[in-house]
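# Survey of secondary and tertiary structure
Below, each chain spelled out in residue letters.
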Number of protein chains: 2
Amino acid sequence: MYRSHTCGELRLSDANKQVTLAGWVQTVRKFGAITFVDLRDRYGITQLLFGEELNTALESQPLGREFVLQATGLVTERTSKNANLPTGDIELTVQSFQILNRSVLPPFTIQDDTDGGDDLRMKYRFLDLRRNAVKKNLELRYAVNRAARNYLHENNFMDIETPFLIKSTPEGARDFVVPSRMNPGQFYALPQSPQTFKQLLMVSGYDRYYQIVKCFRDEDLRADRQPEFTQIDCEMAFVEQEDILNMFEGLVKRIFKDVRNIDYTEKVARMSWEEAMWTFGNDKPDIRFGMQLANLKFPAHSFASRAAQLKETAIGAGETGFAVFDNAETVLAIAVPGCSEYTRKQTDELTEWVKRPQIGMQGLVYIKCNADGTYKSSVDKFFNEEKLKQIADKTGAKPGDLVLILAGKEERTRKATSELRLEMGKRLGLRREDEFKLLWVLDFPLFEYAEEDNRWVARHHPFTSPKPDQIDVMIGNNPEIGNADKYLEHPYSNIKANAYDMVLNGNEIGGGSIRIYQRELQEKMFAALGMTPEEALHKFGFLLGAFEYGAPPHGGIAFGFDRLCAILGGSESIRDFIAFPKNNSGRDMMLDAPSTIDDKQFDELQIRLNLK
Amino acid sequence: MYRSHTCGELRLSDANKQVTLAGWVQTVRKFGAITFVDLRDRYGITQLLFGEELNTALESQPLGREFVLQATGLVTERTSKNANLPTGDIELTVQSFQILNRSVLPPFTIQDDTDGGDDLRMKYRFLDLRRNAVKKNLELRYAVNRAARNYLHENNFMDIETPFLIKSTPEGARDFVVPSRMNPGQFYALPQSPQTFKQLLMVSGYDRYYQIVKCFRDEDLRADRQPEFTQIDCEMAFVEQEDILNMFEGLVKRIFKDVRNIDYTEKVARMSWEEAMWTFGNDKPDIRFGMQLANLKFPAHSFASRAAQLKETAIGAGETGFAVFDNAETVLAIAVPGCSEYTRKQTDELTEWVKRPQIGMQGLVYIKCNADGTYKSSVDKFFNEEKLKQIADKTGAKPGDLVLILAGKEERTRKATSELRLEMGKRLGLRREDEFKLLWVLDFPLFEYAEEDNRWVARHHPFTSPKPDQIDVMIGNNPEIGNADKYLEHPYSNIKANAYDMVLNGNEIGGGSIRIYQRELQEKMFAALGMTPEEALHKFGFLLGAFEYGAPPHGGIAFGFDRLCAILGGSESIRDFIAFPKNNSGRDMMLDAPSTIDDKQFDELQIRLNLK
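Residues numbered from 1 in each chain as written. Chains lettered and ligands numbered in written order. Predicted model: local features only at pLDDT ≥ 70, side-chain atom pairs only at ≥ 80, totals over all residues. Heavy atoms only, no water.

### Some thoughts on the overall build of chain A
In terms of helices and strands, chain A carries 17 helices and 23 strands. For chain A, the spread of C-alpha atoms along the three principal axes comes to 90 × 75 × 55 Å. The buried share of chain A, taken over its 612 residues, is 60%. For chain A, the accessible area works out to roughly 24900 Å², and carbon and sulfur atoms hold 47% of it. (Helix = DSSP H or I, 4+ residues; strand = E, 2+ residues; numbered from the N terminus. Buried < 20%, exposed > 50% of the residue type's maximum accessible area, 1.4 Å probe, protein only. Areas by Shrake-Rupley, 256 points an atom, 1.4 Å probe, with all protein chains shown as cover.)

The structure is reproduced here in structure tokens:
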């Protein structure tokens, strides 16, 4: 061993011990004849003191930043202690040292606040990983990994490895494929998830399975997506939805406790998908703050269950005379607390914000609920004070609040209002990084309507079960959609899935479902998604077959491990929590991969390029 | 939850409780008006008793093998107990039941001793996995996983995930490659191991890394090789060989203890590569038994250090008059204990055994060391009793032993004698499945000579360091081999590697090395292996670059997880310890993968087939 202790270990109680440390030179400070060196390793920093007698040695082998140094000496009490360092009470009075390796000047500083840009840091990721900020992230990631494994182990789950070289069955996302040299003309696919394998394991009787496992999707990379990503993948047999919810909120609470020392003792909130869309405008609401949507006007078909409310809404009551509202499919509002005194400049800026292409609205209406109980709006021409009050009351606004109103097509307006709510929450500091609010979103629609093909697609995936009392609706009806305009009247549009998402601070961190385990129902599902029986057999024959040999009821969940770590670490970017991430073109900048391959490889694989 | 208890849980102390079980029907036995059902799940088997009152219900829904059944009833003391079952004191007197799913007749019996052949079991792997024999293997695998993680965690190792989509740098084995849609004409490779990444992590200061990780090699599959396999992959910084040996024999001992409750307290034996080759004829000796090789004759060049012994050997002393020995390069013998009374038939069978093509010898000479102190051999014509005794003494034979002697070309004869030793050990029951003997094999040659290209290849891999005192030999000499016949005289042929293999019962279960961490030495290594500086930079520029920024001394090891599990489970076949293995053509028989892909996929990837 090149060291007797680490650089984070020595304390005053070690004074006068002779020890050997090894690590990296963080800083070198010369004061006359003596030199101080901060020596860094994974565990911390210890100050080395090189006395006068080592001057000659230091001059002949000068130390530089990031040199690898081994030093032996005596632990000594410092004269001026550093309370910010755990080792700050002592220093090592060096007796002898050895440079284990030199370093050229790093292209950026190895500090929390580095001067390196993104590209440079990715190219020299091995140096970036030395920074404390990045190290903390990977340590947190390992802590989450450990906490998850311990909890699942204690609950009788077994880690069972599933294969990476599998069969290509492109459903939702694109597969990465791997040409097989031994089977020319044929390809493996890399798994988008171990979904079918974990279901087979349930059929095999391994009733509690888990894996922390890499998955692969060949999608165009939006910011903060990676072609390879990690899931905490779990499945249980002989369970109903309630069992899964309880087991896995336990998992996340355990992670909170072990990783961040947070006692999340309250029951995790639950909300139906419809409630989430109605109240927050999206299916992964950030419930750290209120500012809920007031549905002032909406098309009856989109929320049939709320149609009765239509009559009660301030705007829905009839023609307002304000064309923007009268012509809109939807009018939605939020009450932003304490912002009634926004200046013209501020409300103009908000108007510009909602008009950005990413939000895509035509404009913004506001009502200032003044502290004195009066109202002032951008549409005073059309609404008297009483009407303004009526609208403001619908949003729950109090004196001092600012009501913001958007109007337009249903889907876009709901999305825009949701975005505006999140933006205002952020600006007002209501989305605190150190506050964690979990939410189960339940009762998703089983199917979504795909306009381009006039058919159904699975909202979650084709293995998700409908609610037990809707199985007959699914089996008993022809999935074909006769009249595209009236797809909402098809019985399938009202089938709810036995599916659930776990949402943390407005991010979906996990999702799953109770699965189909009956061959007949699974075949109906494939048919509903437009697969011929032959296709279904070719792609999923093994699963349909397995369902004939005693498949138990089962269900599961998968957590996005990268995302979960990022949120727990208070970051928006998953890339900061991956040791060797890829950029938005799917490139590893450090390796310079992907790259060309040899003619010999093409030849052996019996493929060639066919570049456009 | 579909059950209140598992099928392995109920005891006499639960008598009179009302419980619900769910599981698979193992057997149905009708005795007049009552029916016994053995219900099976992951945890065990419980006997269900269906009384007369359930007859009608059972007749309208008859139970079959592998049906999924839920049954509620009272725990009752059995009249005739079954001492072989943990639940054998009780049975469940069924009050109500529900068939959760039916099963068609399985293609083979779900029993330890199944009637299913290999192909059938692989096609219906989801049924094969139900068999207790296979379940035990996967449970053992998980126990090894858990023990390894716990030990490494307690020793400050961090699990850090490395990427799967990397750069193709075909050195030893072939890479599996993955066409990149976003970077047309370019390919990722799947990692053969995370070797360079774990070294980069050492450069980054994560001084103790581990991962239980899938690796990929596109090799022609010999029996018991898989294109994807799992490693316990570890690396440490600031260590010397001794540190690694201590840390990782600790790991294996911990696995022994946690998984098999074996206290392996003795120090793991160590042996140099040369000693292993000399004494056992191979580099992974099974030291559960002796029967060591007696080197009666051998070419001086192959074991220079043993040349002095040449003169002492019985055969080496000069011409024997027996042409087979006199013309042979090598003569090796073993003393098989207690077999002096083998019949002619038995010795003939052994002769046939060594003449099989896999062994490839011309014949076998034997000396029977009779219990009365006399000797009898197949070469009495050429050797008198004194000479026979001399030879037998060299092997350490005692009265009652049978000496077996092979002669021929060095390499083949050594290998054959090693195989013969293992075979005799097996026949004599000296290789006990429940005895575990670990061995470190050390001091491997750094290079092997590749005759076809007249150049050096890395015996381990190109990142392995030479012994510290031989670094100068490596740097200071031109790797080119002038005279192919005299390659053994090249200074490189005597360089020993800082490498180590861990051997368990004659199987290599792990191997590793202290790595090169100096750019100059790494460049010299690449040059020695015939790489041009340009090639070295193209393939490994990121690593050479990293070595310039303060790389610490480091080393590591990787264990073959599948193999380790198989040996601990007392099996020769790794396939039995993998949930979803591939066959010898690299096919997944259950999925029917690899398979063809769509035209759309070819089109998007901009590749096409080029079948011969």
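After that view, the rundown keeps rolling.
### Regarding the relation of the copies chain B and chain A
Screw-axis analysis of chain B against chain A gives a translation of 0.0 Å along the axis, an RMSD of 0.1 Å, and a rotation angle of 180°. Seen this way, the second copy is the image of the first under a two-fold rotation axis. (Least-squares fit on C-alpha atoms with pLDDT ≥ 70 in both.)

### Considerations on the domain arrangement of chain A
Taken domain by domain, chain A consists of domain 1 (12–101), domain 2 (133–266 + 559–605), domain 3 (289–431) and domain 4 (445–496 + 518–547). A straight line from the C-alpha centre of domain 1 of chain A to that of domain 4 of chain A covers 68 Å. (Domains from an automatic or database assignment.)

### Some remarks on the packing of helix 10 (residues 344–355) of chain B against helix 12 (residues 410–427) of chain B
Residue and element names in this part refer to chain B. Where helix 10 meets helix 12, the closest approach of the two axes is 11 Å, and the angle between their N-to-C directions is 135°. Looking at the two axes, helix 10 sits oblique to helix 12. In the packing of helix 10 onto helix 12, the handedness of the crossing is right-handed. In this structure, helix 10 uses E349, L350, W353 and V354 to contact helix 12, whose residues at the interface are E419, L420, E423, M424 and R427. Among the residues forming the contact of helix 10 with helix 12, the class breakdown is five nonpolar, no polar and four charged. (Axes fitted to C-alpha atoms, helices over the stretch in contact; angles between N-to-C directions. Parallel < 35°, antiparallel > 145°, perpendicular 65-115°, else oblique. Left-handed = near helix turned anticlockwise from the far one by under 90°. Contact = heavy atoms within 4.5 Å. Nonpolar A, V, L, I, M, F, W, Y, C, P; charged D, E, K, R; others polar.)

### Description of the sheet that holds strand 12 (residues 294–297) of chain A
All names here are of chain A. Pairing within the open sheet is antiparallel, and its five strands lie in the order 12-13-16-14-15. The sheet is open, and its two borders are formed by strand 12 and strand 15 (375–377), each paired with just one other strand. Direction aside, neighbouring strands of the sheet carry axes that sit 25° apart on average. Where strand 14 (residues 365–369) meets strand 15, three bridges bridge the pair, whose relative direction is antiparallel. (Pairing = 2+ DSSP bridges.)

### A few points about the side chain of T413 of chain A
All names here are of chain A. With respect to the element layout, T413 can be found in helix 12 (residues 410–427). Residue classification places T413 among the buried positions, given a relative accessible area of 0%. Only 2.6 Å separates the side chain of T413 from the backbone oxygen of K409, close enough to count as a polar contact. Leaving out residues up to four positions away in the same chain, T413 has contacts with T330, L332, M361, L406, A407 and G408. (Polar contact = N/O pair within 3.5 Å; in protein donor to acceptor, adjacent residues only side chain to side chain.)

### So, the pairing of strand 17 (residues 438–442) of chain B
Residues and elements named next belong to chain B. Within strand 17, five of the five residues are buried, which leaves the element mostly enclosed by the surrounding structure. The alternating pattern of strand 17 places L438, W440 and L442 and L439 and V441 on opposite faces, both of which are buried. Relative to strand 17, strand 11 (residues 269–272) is paired through four bridges, and the arrangement is parallel. Residue pairing in the sheet places R270 in a bridge with W440 of strand 17. Summarising the sheet, strand 17 and strand 20 (residues 499–504) pair through five bridges and their orientation is antiparallel. Bridge pairing links L438 to L504 in strand 20.

### A closer look at unusual backbone geometry
Residues and elements named next belong to chain A. Going from A593 to P594, the amide bond is cis rather than trans, its omega being 0°. Among the structural elements, P594 can be located in the loop between helix 16 (561–568) and helix 17 (599–605). One non-glycine residue, N16, lies in the positive phi region at around 80°. For N16, the location among the structural elements is in the segment before strand 1 (18–31). Given the relative accessible area of 65%, N16 is considered exposed.

### Quick notes on a positive patch on the surface
Together, R217, R222, R225, K284 and K415 of chain A make up a positively charged patch on the protein surface. Relative to the helices and strands, R225 of chain A resides in the loop between strand 9 (208–216) and strand 10 (228–237). (Patch = residues over 30% accessible without salt bridge, like charges linked within 9 Å, V, L, I, M, F, W, Y side chains within 5 Å. Salt bridge = Lys/Arg side-chain N within 4 Å of Asp/Glu carboxyl O. Lys, Arg positive; Asp, Glu negative; His and termini not counted. Charge placed at Lys NZ, Arg CZ, Asp CG, Glu CD.)

### Points about the pairing of strand 2 (residues 34–41) of chain B
Residue and element names in this part refer to chain B. With seven of eight residues buried, strand 2 lies mostly within the body of the structure. One ladder, built from seven bridges, connects strand 1 (residues 18–31) with strand 2; its direction is antiparallel. Within strand 2, the position partnered with W24 by the bridge is R40. Turn length for the strand 1-strand 2 hairpin, with the two strands adjacent in sequence and antiparallel, is two residues, and the turn residue G32 shows positive phi of about 60°. The pairing of strand 2 with strand 3 (residues 44–50) spans seven bridges and is antiparallel. Following the sheet pairing, F36 is matched in strand 3 by L49. In this antiparallel pair of consecutive strands, strand 2 and strand 3, the connection spans two residues.

### Examining the interface of chain B and chain A
Of the residues lining the interface, 128 residues belong to chain B; the matching set on chain A comes to 128 residues. When chain B packs against chain A, the two sides together hide about 12100 Å² of surface, and 57% of this comes from carbon and sulfur. Where chain B touches chain A, the interface holds 14 salt bridges. Residues E161 of chain B and R141 of chain A are paired through a salt bridge, measuring 2.7 Å at the closest nitrogen-oxygen approach. Counting across the chain B and chain A interface gives 79 residue pairs in polar contact (both at pLDDT 80 or more). When grouped by side-chain class, the residues that make up the side of chain B that touches chain A number 68 nonpolar, 26 polar and 34 charged. (Buried area = accessible area lost by both parts, 1.4 Å probe.)

### What about the pattern of salt bridges?
For the coordinates displayed, the defined rule picks out 101 salt bridges over all chains. For the salt bridge of R459 of chain A with E448 of chain A, the shortest nitrogen-to-oxygen distance reads 2.6 Å. One end of the pair, R459 of chain A, is in the loop between strand 19 (455–458) and helix 13 (471–476); the other, E448 of chain A, is in strand 18 (residues 447–450), and eleven residues separate them in sequence. Overall, the relative accessible area of 25% leaves R459 of chain A in the partly exposed class. Of the charged contacts in the structure, one is a salt bridge between R149 of chain B and D159 of chain B, with a shortest N-O distance of 3.0 Å. Of the two residues, R149 of chain B is situated in helix 4 (residues 132–154) and D159 of chain B in strand 6 (residues 158–159); the sequence distance between them amounts to ten residues. Residue D159 of chain B is classed as buried on the basis of its relative accessible area, which comes to 9%. Shared partners join several salt bridges into a network, and the residues in it are D118, R121, R125, D128, R131 and R575 of chain A.

### Focus on the packing of helix 14 (residues 519–528) of chain B against helix 15 (residues 533–546) of chain B
Residues and elements named next belong to chain B. Where helix 14 contacts helix 15, the two axes come as close as 11 Å, and the packing angle between them is 160°. It follows that helix 14 is roughly antiparallel to helix 15 by the angle criterion. Judged by the sense of rotation from one axis to the other, the crossing of helix 14 with helix 15 is right-handed. Contacts between helix 14 and helix 15 pair R519, Q522, E523 and F526 from the former with A536, L537, F540, L544 and G545 from the latter. When grouped by side-chain class, the residues that make up the contact of helix 14 with helix 15 number five nonpolar, two polar and two charged.

### Things to note about the environment of W456 of chain A
All names here are of chain A. Inspection of the secondary structure puts W456 in strand 19. Placed 126 residues apart in sequence, W456 and K582 show a C-alpha to C-alpha distance of 34 Å. Leave out the neighbours within four places in its chain, and W456 touches F447, E448, Y449, P479, I481, Y487, H490, Y492, S493, A528 and L529.

### Quick word on the side chain of R181 of chain A
Mapping R181 of chain A onto the fold places it in the loop between strand 7 (177–179) and strand 8 (187–189). Engagement of the side chain of R181 of chain A in a polar contact is seen with the side chain of D220 of chain B, the distance being 3.1 Å.

### Considerations on the confidence of the model for chain A
Summary statistics for chain A give a mean pLDDT of 94 and a share of 99% for residues scoring 70 or more. For this predicted complex, the interface confidence score (ipTM) comes to 0.95, while the overall pTM stands at 0.96. (pLDDT = per-residue confidence, 0-100.)

### Thoughts on the sheet that holds strand 1 of chain A
What holds strands together in a sheet is hydrogen bonding between their backbones, with the strands either parallel or antiparallel. All names here are of chain A. Strands sit in the order 1-2-3-5-4 around a closed barrel of five strands; the barrel is mixed. Taken pair by pair, the neighbouring strands of this sheet meet at an average axis angle of 55°, ignoring direction. Relative to strand 5 (residues 90–101), strand 4 (residues 68–77) runs antiparallel, the two sharing ten bridges. Bridge pairing in strand 5 links A71 to F97.

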